Amino acid sequence: MPAPAKAPRLLAALLSCGLFCVLPQSSWADDEKAGEGAAPPTSPSSPAIVADAATTVPGKPAPAPAHWTDHVKVGAGIRTAFRAGEDSAPDADNFSKDLFLDNGRIYVHGTINDHIAATLNTDFSIDTDGNHEQPLRILDAIGEIRVCDALHIWLGRLLPPSDRSNLDGPFYLATYEFPFVSAYPAIFAGRDNGVSVWGDIEGGRYKYQVGIFEGRDGAPNNGDNRLYAARVTVNLLDPEPGYYTQSTYYGDKDLLAIGLVGQFQSNGAGTAADRGDF
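Residues numbered from 1 in each chain as written. Predicted model: local features only at pLDDT ≥ 70, side-chain atom pairs only at ≥ 80, totals over all residues. Heavy atoms only, no water.

1. Some details on the pattern of salt bridges
Part 1 of the reasoning: With the rule as written, the count across this model stands at nine salt bridges.
Part 2 of the reasoning: Across the pair Asp-102 and Arg-83 runs a salt bridge whose closest N-O atoms are separated by 3.1 Å. Pair noted here: Asp-102 is in strand S2 (residues 96–111) and Arg-83 is in strand S1 (residues 72–85), with a separation of 19 residues, a long-range link.
Part 3 of the reasoning: For Arg-83, a relative accessible area of 30% corresponds to the partly exposed category.
Part 4 of the reasoning: Between Arg-226 and Glu-214 there is a salt bridge, with the nearest N and O atoms lying 3.4 Å from each other. Within this pair, whereas Arg-226 is found in the loop between strand S7 (206–213) and strand S8 (227–235), its partner Glu-214 is found in the loop between S7 and S8, the two being separated by twelve residues in sequence.
Part 5 of the reasoning: You can call Glu-214 partly exposed: its relative accessible area is 27%.
Part 6 of the reasoning: In the salt-bridge network here, residues are joined through shared partners; they are Glu-214, Asp-217, Asp-224 and Arg-226. (Salt bridge = Lys/Arg side-chain N within 4 Å of Asp/Glu carboxyl O. Helix = DSSP H or I, 4+ residues; strand = E, 2+ residues; numbered from the N terminus. Buried < 20%, exposed > 50% of the residue type's maximum accessible area, 1.4 Å probe, protein only.)

Rendered as structure tokens:
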């Protein structure tokens, strides 16, 4: 495939995608951390697709038939914690000593081919009092269409374009707890139902993400307005391809990124009597 022209770089890369994305390109990038939680997982393909007919070349052995593990990846993530607080025991005179399961996640990601895939991730946790279990919930449910590296379309429940901490997720933060500024409108764990269009340019040197999501429903949003979200990232040192981010790569990458993020929902804040835009 001919290399895109260097100037202007962004426009050339997008034009290159439009002209050549119908040709086979790199397979699904190791971008998707399984919904920002584990090694890139994947979803089951139909047996008809997995059992592709093998072509043979005279004098050469036939290739091994595709196996379902070539199309499906499963992962898991667990976060546990021990917390103690002075004079916080029931007698108010001793240290409290509590063990928590902050997250127990199962990740499944499957590919049908280089252009169609799906992700299904779940989450189980316990309330901060350490006693009440939350039901197993759908974390991510994403139908993924990859036209080329510069154009992906994701639909379903996913993380909207937002700040780095939110796109890191709890397993890829440099700290244990999220910063308070990451409290965006969400159905659960920062996720929302919607659609996001995103892409990598020059191998992740430049990235964009644009999406439409449910946002806040009901009062004060009586007009049923949707939430619009967008993010643009420029990586000045090593590229960082993929939808998600990490706070640290432990020396494997040198990152210096500039990100511009915006979210807007008309009448998405306040109360029915005193509403405002988010």
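2. Quick look at a negative patch on the surface
Part 1 of the reasoning: A surface patch of negative charge is lined by Glu-86, Asp-87, Asp-91 and Asp-93.
Part 2 of the reasoning: Secondary-structure assignment places Glu-86 in the loop between S1 and S2. (Patch = residues over 30% accessible without salt bridge, like charges linked within 9 Å, V, L, I, M, F, W, Y side chains within 5 Å. Areas by Shrake-Rupley, 256 points an atom, 1.4 Å probe, with all protein chains shown as cover. Lys, Arg positive; Asp, Glu negative; His and termini not counted. Charge placed at Lys NZ, Arg CZ, Asp CG, Glu CD.)

3. Structural notes on the environment of Val-234
Part 1 of the reasoning: Here Val-234 is to be found in strand S8.
Part 2 of the reasoning: Take Val-234: its relative accessible area is 27%, and that puts it in the partly exposed class.
Part 3 of the reasoning: A sequence separation of 24 residues divides Val-234 from Ile-258, and the C-alpha atoms of the two residues are 5.3 Å apart.
Part 4 of the reasoning: In this structure Val-234 touches Arg-205, Tyr-206, Leu-256, Ala-257 and Ile-258, once residues within four positions along its chain are discounted. (Contact = heavy atoms within 4.5 Å.)

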